[in-house]
Amino acid sequence: MPTTALSSTGTATAGTPAVGTAVPAGASVPARTSVAPRTASTVRTVGVGRALVRYDVHEAAGGEPAPPLVLVHGTGSGGAAVNWGTVVPRLTAAGRTVVTPDLSGTERTSDDGGPLTVEVLAAQVIAVIEDAGGGPVDLLGFSMGAPVSALVAALRPDLVERLVLVAGWAYTDGDEYLRNLFTLWRRLGTHDPAGFGRSMTMTGFSRGFLNAIGREEVEALIPNMPPTPGTLRHVALDLEVDIRESLGRIRARTLVIGCAQDATVPVEHSRALHAAIDGSAYAEIDAGHVVFFEQEDVFVRTVTDFLTRRAAPVPVPGLAGR
């Protein structure tokens, strides 16, 4: 399925994309553009309840003031560095100040070790935004970070100007595939740590991508997601996600990005988020769950095009029948 144009209603549509074309599954891994040089960053900490949340502020290239962009990571105790390590330099080079929090469950943030909820993590994102200088900001959430970011936008519309939800979902319990996958992760994390990493790798990336990079690189990916106590706290949260009642309160200009080959959070969940958020735009990229790794160029271009677009997205004809 090709990357699709931004739209304000309906689901994905094929055709000539407005934001670039993804490499089809099974093709060779696309060459990435040269990575921009790293810019100055500072580490800050803010107290939220019993948590000390650490976050980084990466200054825009050239040191000029720029609209802040907050990136919220997905499941995994590696947090922001694992998700955004190669993306941040490209965004700062494009003139954005980027804020990357590490929420409870990550190695860089300390708390009491208790159960996590979407509400708890949303409160941490809100505190980071306020501590970093207040809003409004542009807010992007990936995977677990998508429902967290959506809730932030619903609870504090004054803090969020634009919202981007990547490979996210609104609720878990109504989808037996999603519920069973997260249940399997929790069991593997307790009884088979190596199997946990292998399962994460198989569902995190598309089959074509895994075959393209080859066995040696695939095996190297597996240890990147160990079932640490923090990661398993995130998985327990994933099992309890339900933000459906909050979606109607989102007022920020919103882009939902779905991943056509997503075996972690099937793309239908992104389409449902788009349908539930009034006036939202939608783009679909031909990649697995970790889209910013498989299709980094397309992902960065899709996000930056949306964030710099001043007018509302133009509806794409032919979506209603999909």
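Structure: above.
These lines cover the structure that appears in this document, whether it is placed above or below. (Residues numbered from 1 in each chain as written. Predicted model: local features only at pLDDT ≥ 70, side-chain atom pairs only at ≥ 80, totals over all residues. Heavy atoms only, no water.)

## Concerning the overall build of the protein
Scanning the protein for helices and strands turns up 12 helices and eight strands. Put simply, the protein has 322 residues, and 57% of those count as buried. Put simply, of all contacts in the protein between residues at least 6 apart along the chain, 75% involve residues at least 24 apart. (Helix = DSSP H or I, 4+ residues; strand = E, 2+ residues; numbered from the N terminus. Buried < 20%, exposed > 50% of the residue type's maximum accessible area, 1.4 Å probe, protein only. Contact = heavy atoms within 4.5 Å.)

## Description of the sheet that holds strand β6 (residues 160-166)
Strand order in this open sheet of eight strands is β1-β2-β4-β3-β5-β6-β7-β8, and the pairing throughout is mixed. Two strands bound the open sheet, and with one partner strand each, they are β1 (41-48) and β8 (281-285). Between one strand axis and the next, the sheet turns by 20° as a mean value, whatever way the strands run. Relative to strand β4 (residues 97-102), strand β3 (residues 68-72) is paired through three bridges, and the arrangement is parallel. Each residue of the ladder has a partner; that of Val70, found in β4, is Val99. In the packing of helix α4 (residues 145-155) onto the sheet, contacts are made with β3, β5 (137-142) and β6, and the angle to β6 comes to roughly 160°. (Pairing = 2+ DSSP bridges. Axes fitted to C-alpha atoms, helices over the stretch in contact; angles between N-to-C directions.)

## A closer look at the side chain of Thr92
Relative to the elements of secondary structure, Thr92 occurs in helix α2 (residues 87-93). Owing to a relative accessible area of 0%, Thr92 belongs among the buried residues under this scheme. Reaching out from Thr92, the side chain makes a polar contact with the backbone oxygen of Pro89 at a distance of 3.1 Å. (Polar contact = N/O pair within 3.5 Å; in protein donor to acceptor, adjacent residues only side chain to side chain.)

## Focus: helix α10 (residues 267-276)
For an α-helix, 3.6 residues make a turn, and residues three or four places apart therefore share a direction. Three or more residues of α10 are buried, namely Val267, His269, Ser270, Arg271, Leu273 and His274. Its buried side turned inward, α10 meets β6, α5 (176-191), β7 (253-259) and β8.

## Points about unusual backbone geometry
In the segment running from Gly135 into Pro136, the intervening peptide bond is cis, with an omega of 0°. Its location among the elements puts Pro136 in the loop between α3 (118-131) and β5. Phi at Ser143 takes a positive value of approximately 55°, unusual for a residue other than glycine. Among the secondary structure elements, Ser143 is positioned in the loop between β5 and α4. Looking at Ser143, the relative accessible area reads 7%, which means it is buried.

## Digging into the pattern of salt bridges
The full count for this structure, using the stated rule, is 15 salt bridges. The shortest N-O distance in the salt bridge between Asp112 and Arg50 comes to 3.5 Å. Taken together, the residues span a long stretch of sequence, with Asp112 in the loop between β4 and α3 and Arg50 in the loop between β1 and β2 (51-58) at a distance of 62 residues. Comparing Asp112 with Arg50, the two get one shared label, exposed. Glu176 is paired through a salt bridge with Arg179; the nearest N and O atoms lie 2.6 Å apart. You can see Glu176 and its partner Arg179 sitting in helix α5, three residues apart, about one turn around the helix. By relative accessible area, Arg179 is classed as partly exposed at 29%. The network of salt bridges with common partners includes Arg96, Asp138, Glu161 and Arg162. (Salt bridge = Lys/Arg side-chain N within 4 Å of Asp/Glu carboxyl O.)

This is a description of form; function is not addressed.
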